[in-house]
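Coordinate analysis (summary)
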There are 2 protein chains.
Amino acid sequence: MTGWVAIAGLGPGAEALVTPEVTATLAEATDVVGYIPYVARVAERPGLTLHASDNRVELDRARHALEMAAGGRRVVVVSSGDPGVFAMAAAVFEALEAGAPEWRDLDIRVLPGITAMLAAAARAGAPLGHDFCAINLSDNLKPWALIEKRLRLAAEADFAMAFYNPRSKARPEGFARVLELLREACGDDRPVIFARAVSTPEERLTVVPLTEARPEMADMRTVVLVGSSLTRVLRDGPRPLVYTPRSAPE
Amino acid sequence: MTGWVAIAGLGPGAEALVTPEVTATLAEATDVVGYIPYVARVAERPGLTLHASDNRVELDRARHALEMAAGGRRVVVVSSGDPGVFAMAAAVFEALEAGAPEWRDLDIRVLPGITAMLAAAARAGAPLGHDFCAINLSDNLKPWALIEKRLRLAAEADFAMAFYNPRSKARPEGFARVLELLREACGDDRPVIFARAVSTPEERLTVVPLTEARPEMADMRTVVLVGSSLTRVLRDGPRPLVYTPRSAPE
């Protein structure tokens, strides 16, 4: 049996947002590896072993997946969203780089999924309809100063922005600092979208001007979008419409 | 009959990358509106009218969709990729903003899809595995100076970058200037990925260091990804593996 690893994106939560490619690949797998709540989304069946692990053990999980594939297993590493956006794909390649040389010849595929910022943007209208950036606000793996530097430069570039992991338990004050920095750099009335658990029963969408944005509006399941200088709110309330036009003036 | 508009992303090309949500919504539509090659991807059936139009008439198409929905039709506006990323969603909201006030009460949904940069990133490994930005290199709707400004700031922020519409027929010299600017700002050895028509039979993936990147490696169907200073190439050749680690050093 020839083993392989597929690193698959399950999308933001709803089954209707899982691609047929991912569904078909899961049907061929012998093993599924991932963080507990994502593995819980995969149906059990005979011949399939589920390996659920806790958060913060991404590298162990990646090594385990590569070892099993090297031994002939057909392994799917599940991520939420898109595996290539602040998710498991980079962790698997880090394990590959540091691991056994023969792992580099393995059949490894990344299967894209609907990433949280695009699910959130779709729900809100089209806030990322022009040039934008995506920043992970967690400082677990990078210095805080780099986050601040990127925020300042992104504001100067007038990008719309998407923030993943806005509030970590370890550093709750970080996101307050981010909002403060953005108010200094962008002014007060920039639309900010807090999109929590989009496409799940716990979905909640809040649109406020930057001046009213508060750190506690975000939690670990929230992605935050901040408009560019051109982003506007066409409709407020429970069905908000926020968009960034395709044109920028001369 | 209550009309609605759904702005749906068909993904980069393969049917296996169309979400079940989009497939189900197309099955309920009375009308499909879009650019000729995207409408061609929708199967004909009794009760469904296909309205295919040429490129560069996005606003006409958007108005037409909104008019039909206001008249009670169930309209799907199809985009390739994700409709919120340099595609039809912003155009529909521009038409909405400029159009009849009653349009603002319409049932309008955006259905996310797999956008080109994430399909390309998945094929190449995980080049967007850390903070990144997405820039439309076309200067049809924005001044060229803004594109250059954003490129310089993105390089200073050390973002990985994804470029849509790298080469327009109207301005072929623009992309040559982009590569020159990036070489000045990033040095010569940054990995550059040219990903053409990913997931279609015409797919072609090329990875070169920045110093070897040439404008003619991109065409209208190509998305271009440029690594950050930390992006590395784990495997060259026909099955390249390029990734950006999750960590940045202190």
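Source: prediction; values computed, not measured.

Enumeration according to the criterion identifies 10 aromatic pairs over all chains in this entry. A ring pair is formed by F86 of chain A and F132 of chain B, whose centres lie 6.5 Å apart and whose planes are at 35°; its orientation type is tilted. Of this pair, F86 of chain A sits in the loop between β4 (74-79) and α4 (88-98) while F132 of chain B sits in strand β7 (residues 132-136), each in a different chain. Per residue, the accessibility class of F86 of chain A equals that of F132 of chain B, and both read buried. Ring-pair connections join several aromatic residues into one group, and the members of that group are F86 and Y164 of chain A together with F132 of chain B. The ring of W4 of chain A carries the charged tip of R109 of chain A above its face, separated from the ring centre by 4.6 Å.

Moving on: the interface of chain B and chain A. Every contact between the two is made by 69 residues of chain B and, on the other side, 69 residues of chain A. Interface area for chain B against chain A, summed over the two sides, is near 6100 Å², with a carbon-plus-sulfur share of 60%. The three residues of chain B that bury the most area against chain A are R150, L234 and R246 of chain B, which together make up 12% of that side's buried surface. The interface formed by chain B and chain A holds eight salt bridges in total.

Here we take up the side chain of R150 of chain A. Residue placement: R150 of chain A occurs in helix α6 (residues 144-156). In this structure R150 of chain A comes out as buried when scored by relative accessible area, which is 3%. Within polar-contact distance, the side chain of R150 of chain A engages the backbone oxygen of A157 of chain B at 2.7 Å. Leave out the neighbours within four places in its chain, and R150 of chain A touches I135 and K142 of chain A together with H130, D131, A157, D158 and F159 of chain B.

For the rest of this paragraph, the subject is the relation of the copies chain B and chain A. Least-squares fitting of chain B to chain A yields an RMSD of 0.0 Å, with the transformation described by 0.0 Å of translation along the axis and a rotation of 180°. What the superposition gives is, in effect, a two-fold axis relating one chain to the other. Nearest to the rotation axis, the C-alpha of C133 of chain B is located 1.9 Å from it, this being the minimum over chain B. In this assembly the copies share their binding face: 100% of the residues contributing to the interface of chain B also contribute to that of chain A.

Right, let's talk about the pattern of salt bridges for a bit. Enumeration over the complete set of coordinates arrives at 30 salt bridges over all chains. Residue D131 of chain B pairs with K142 of chain A through a salt bridge whose shortest N-O separation is 2.4 Å. Taken together, the residues span two chains, with D131 of chain B in the loop between β6 (125-126) and β7 and K142 of chain A in the loop between β7 (132-136) and α6. Bridged by salt links that share partners, the residues E148, R152, R177 and E180 of chain A form one connected network.

Let us now look at the UniProt feature "domain: Tetrapyrrole methylase" (unreviewed entry) in chain A. Taking the numbering used here, the UniProt-annotated feature "domain: Tetrapyrrole methylase" (unreviewed entry) corresponds to residues 5-213 of chain A. Counted over residues 5-213 of chain A, helix gives 35% and strand 24%. Its end C-alpha atoms are 41 Å apart.

Time to look at the nonpolar core. Ranked by size, the top nonpolar core spans 54 residues in total, and within it M161 and F163 of chain A together with M161 and F163 of chain B carry the most contacts. Residues in contact with M161 of chain B, not counting those within four places in the same chain, are L128, C133, L151, A154, A155, L182, V224, L225 and V226 of chain B. Grouped together as the second largest cluster of nonpolar side chains are 49 residues, A195 and V198 of chain A together with A14 and I114 of chain B included.

Turning our eyes to something else, we now look at helix α5 (residues 116-124) of chain B. Residue and element names in this part refer to chain B. Here α5 lies mainly inside the structure; seven of its nine residues are buried. Burial in α5 covers these residues: M117, L118, A119, A120, A121, A122 and A124. Just downstream of α5, G125 is the residue with a positive phi angle, here 130°.

Moving on to the domain arrangement of chain A. Residues and elements named next belong to chain A. Structurally, chain A comprises domain 1 (4-114) and domain 2 (117-243). Measuring from the centre of the C-alpha atoms in domain 1 to the corresponding centre in domain 2 gives 28 Å. Taken together, the contact pairs eight residues of domain 1 with nine residues of domain 2. Interface of domain 1 and domain 2: buried area, both sides summed, is about 680 Å²; carbon and sulfur atoms make up 67% of it.

What counts and what doesn't
Residues numbered from 1 in each chain as written. Chains lettered and ligands numbered in written order. Predicted model: local features only at pLDDT ≥ 70, side-chain atom pairs only at ≥ 80, totals over all residues. Heavy atoms only, no water. Phe/Tyr/Trp six-rings, centres within 6.5 Å; stacked < 30°, edge-to-face > 60°. Helix = DSSP H or I, 4+ residues; strand = E, 2+ residues; numbered from the N terminus. Buried < 20%, exposed > 50% of the residue type's maximum accessible area, 1.4 Å probe, protein only. Lys NZ or Arg CZ within 6 Å of the ring centre and 35° of its normal. Contact = heavy atoms within 4.5 Å. Buried area = accessible area lost by both parts, 1.4 Å probe. Salt bridge = Lys/Arg side-chain N within 4 Å of Asp/Glu carboxyl O. Polar contact = N/O pair within 3.5 Å; in protein donor to acceptor, adjacent residues only side chain to side chain. Least-squares fit on C-alpha atoms with pLDDT ≥ 70 in both. UniProt positions renumbered as here; feature names shortened; annotations may be inferred. Core = buried A, V, L, I, M, F, W, Y, C linked by side-chain atoms within 4.5 Å. Domains from an automatic or database assignment.

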